[in-house]
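Per-entry structural report
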Amino acid sequence: MSVSAKRLMCDQCRRAQSACICHWIRPVEHQVEVLFLQHPLEVNNAKNSARLLHLSLPHSRMTVGEKFDADELQHLLYDSSNERTCTVHPVLLYPDTSADHKVSLPPPWPEAADSSDHVYRLVVLDATWRKSRKMLYLNPMLQQLPRLPLADMPASHYAIRKAHKPDQLSSFEATCHALMQLENDADKYLPLLTAFDGFVAQQQAYRPETQV
Ligand SMILES: [Zn+2]
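Residues numbered from 1 in each chain as written. Predicted model: local features only at pLDDT ≥ 70, side-chain atom pairs only at ≥ 80, totals over all residues. Heavy atoms only, no water.

Observations concerning the nonpolar core
Note the cut-off: Take the buried residues of types Ala, Val, Leu, Ile, Met, Phe, Trp, Tyr and Cys, join any two whose side-chain atoms come within 4.5 Å, and each joined set is a nonpolar core. Relative accessibility under 20% of the residue-type maximum defines a buried residue, over 50% an exposed one, and the middle range a partly exposed one, all with a 1.4 Å probe and only protein chains included. Helix and strand assignments come from DSSP, with helices taken as H or I runs of at least 4 residues and strands as E runs of at least 2, each series counted from the N terminus. Throughout, a contact is declared for two residues whenever any of their heavy atoms are within 4.5 Å.
In this structure, F36, L57, L93, L122 and L192 are the most contacted members of the largest nonpolar core, which totals 38 residues. The set of elements that each furnish at least two residues to this core consists of β1 (33-38), α2 (50-56), β3 (87-93), β4 (118-126), α7 (171-183) and α8 (190-206). By residue number, the principal contributor to this core is α7, which donates seven residues. With near-sequence residues (within four places) excluded, L192 lies in contact with R26, V28, L53, S56, L57, F172 and C176.

Spelled out as structure tokens, the structure:
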């Protein structure tokens, strides 16, 4: 890459500066940590909104891959991310597809016995539906996690926004809804969803022929 081409890239969102999306970043002080496992095919996808959300969530982490090294994944899922030691409860944002899969969520936030010693870590597979199934298949450790199926979301949360079916939600929207649910706080995340609408409008403006 030439120097001039490099200068045209935004370091933060990693898009061309002319297509920078950083003005849609809305930092939010969230309690539930987030781990984005991004499929390699999503990295350069213009519709990729997970990175935008990652930039708005200070307690989030993003790693790219399809099949993860077991030790690495163990660290990503369970290690405390800050200096204080706390027990991390990873929860996979994923439909409860298997009838015999036991969904065993820890006590709902913030009713955990001592919430300062416990933290949820929402694990988001940022991929197409087909690729997310493959990621699950390739990483047995992910199959063992308790799941947060968005289909069980209270209808009121959807009423806040346009009528989207759960399986039509982007990673950005699905993650916001999951955080609303886990933290029992919808208002905190509404500015992010509003920003997401602006992001989508910006993407569509680049492709006027695309109807979504
Ligand atoms: Zn940017």
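A few points about the sheet that holds strand β2 (residues 60-64)
Where we set the bar: Two strands qualify as a pair provided that DSSP identifies no fewer than 2 bridges between them. Note on geometry: axes are C-alpha line fits, over the in-contact stretch for helices, and angles between N-to-C directions span 0 to 180 degrees.
Strand order in this open sheet of five strands is β2-β1-β4-β3-β5, and the pairing throughout is parallel. On the outer flanks of this sheet lie β2 and β5 (147-148), each paired with one strand and no other. Lying on the sheet, α7 is in contact with β1, β3, β4 and β5; it crosses β4 at an angle near 160°.

Observations concerning the coordination of the zinc ion
Note the following rule: Metal-coordinating donors are taken as N, O and S atoms lying within 2.8 Å of the metal, or within 3.2 Å when the metal is Na, K or Ca; because water is left out, some sites can appear incomplete.
Every protein donor of the zinc ion is accounted for by C10 (SG), C13 (SG), C20 (SG) and C22 (SG), and the metal-donor separations fall at 2.2 to 2.4 Å. Read N to C, the donor residues that coordinate the zinc ion are spaced as C-x2-C-x6-C-x1-C. In this structure C13 comes out as buried when scored by relative accessible area, which is 4%.

Comments concerning the environment of P140
With respect to the element layout, P140 can be found in helix α5 (residues 140-143). We classify P140 as partly exposed; its relative accessible area is 49%. Note: C-alpha distance between P140 and A70 (70 residues apart in sequence) is 8.9 Å.

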